[in-house]
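Given next are the chains, with one letter for each unit.
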Amino acid sequence: MYPNSPNIRIKLLKMDMIQNTIGASAYQLQNAKEVIGINISITSNEYYESKRSDIKIDIALKIQSFLYDNSKYAEVDGDIYKVERTYQIGQFVELYLSKTKIRKSDVIDYA
């Protein structure tokens, strides 16, 4: 595989938090969009910044800018991640994701 070839498939998720009938929190899926990207290494600068801010970055990736729809969540390999940071780099946007405790069963209308 070439260094800058797409090697990760993600699903960008737009969700709203709602209260379900028993008062527990759930998420209502508004939109899901599957895209491919390039898995990148977390830089030492990003690692130290995440330590300082108590946000653990689990995955860093690049996708083409026109594909990103400002989603705040993403699914990667069956797990749901929160988009913690984004950086515009030319024709790409870098996404820095942290794993959440949200399960697919917590999301209403998840396909």
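Described below are features of the structure shown in this document.

**Some details on the side chain of Glu75**
Phase 1: Of note, Glu75 is situated in strand E4 (residues 73–76).
Phase 2: For Glu75, a relative accessible area of 11% translates into the label buried.
Phase 3: A distance of 3.2 Å separates the side chain of Glu75 from the side chain of Lys104, its partner in a polar contact.
Phase 4: Once residues lying within four places of it in the same chain are set aside, the contact partners of Glu75 are Arg9, Ile10, Lys11, Leu13, Ile80, Lys104 and Tyr110.

**A closer look at unusual backbone geometry**
Phase 1: Despite not being glycine, Asn70 has its phi angle at roughly 65 degrees, a positive value.
Phase 2: Mapped onto the elements of the fold, Asn70 is located in the loop between strand E3 (59–64) and E4.
Phase 3: For Asn70, a relative accessible area of 55% gives the class exposed.
Phase 4: For Asp77, which is not glycine, the phi torsion reads 50 degrees and is therefore positive.
Phase 5: Of note, Asp77 is situated in the loop between E4 and strand E5 (79–89).
Phase 6: In this structure Asp77 comes out as exposed when scored by relative accessible area, which is 73%.

About the cut-offs
Every chain begins its residue count from 1, and numbering advances along the sequence as written. The predicted origin of the model limits local features to residues at a pLDDT of at least 70 and limits the giving and counting of side-chain atom pairs to 80 or more, whereas totals for whole chains, interfaces and linings rest on all residues. With hydrogens and water stripped out, all remaining heavy atoms of the structure feed into the side-chain values. Going along the chain from the N terminus, every DSSP run of H or I of four or more residues is numbered as a helix, and every run of E of two or more is numbered as a strand. Only protein chains enter the area calculation, which uses a 1.4 Å probe; residues under 20% of their type maximum are buried, those over 50% are exposed, and those in between are partly exposed. Polar contact criterion, stated in full: a pair of N or O atoms within 3.5 Å, where within protein one must be able to donate a hydrogen and the other to accept it, and residues adjacent in sequence count only if both atoms are side-chain atoms. Two residues qualify as a contact provided that any one of their heavy atoms is within 4.5 Å of a heavy atom in the partner residue.

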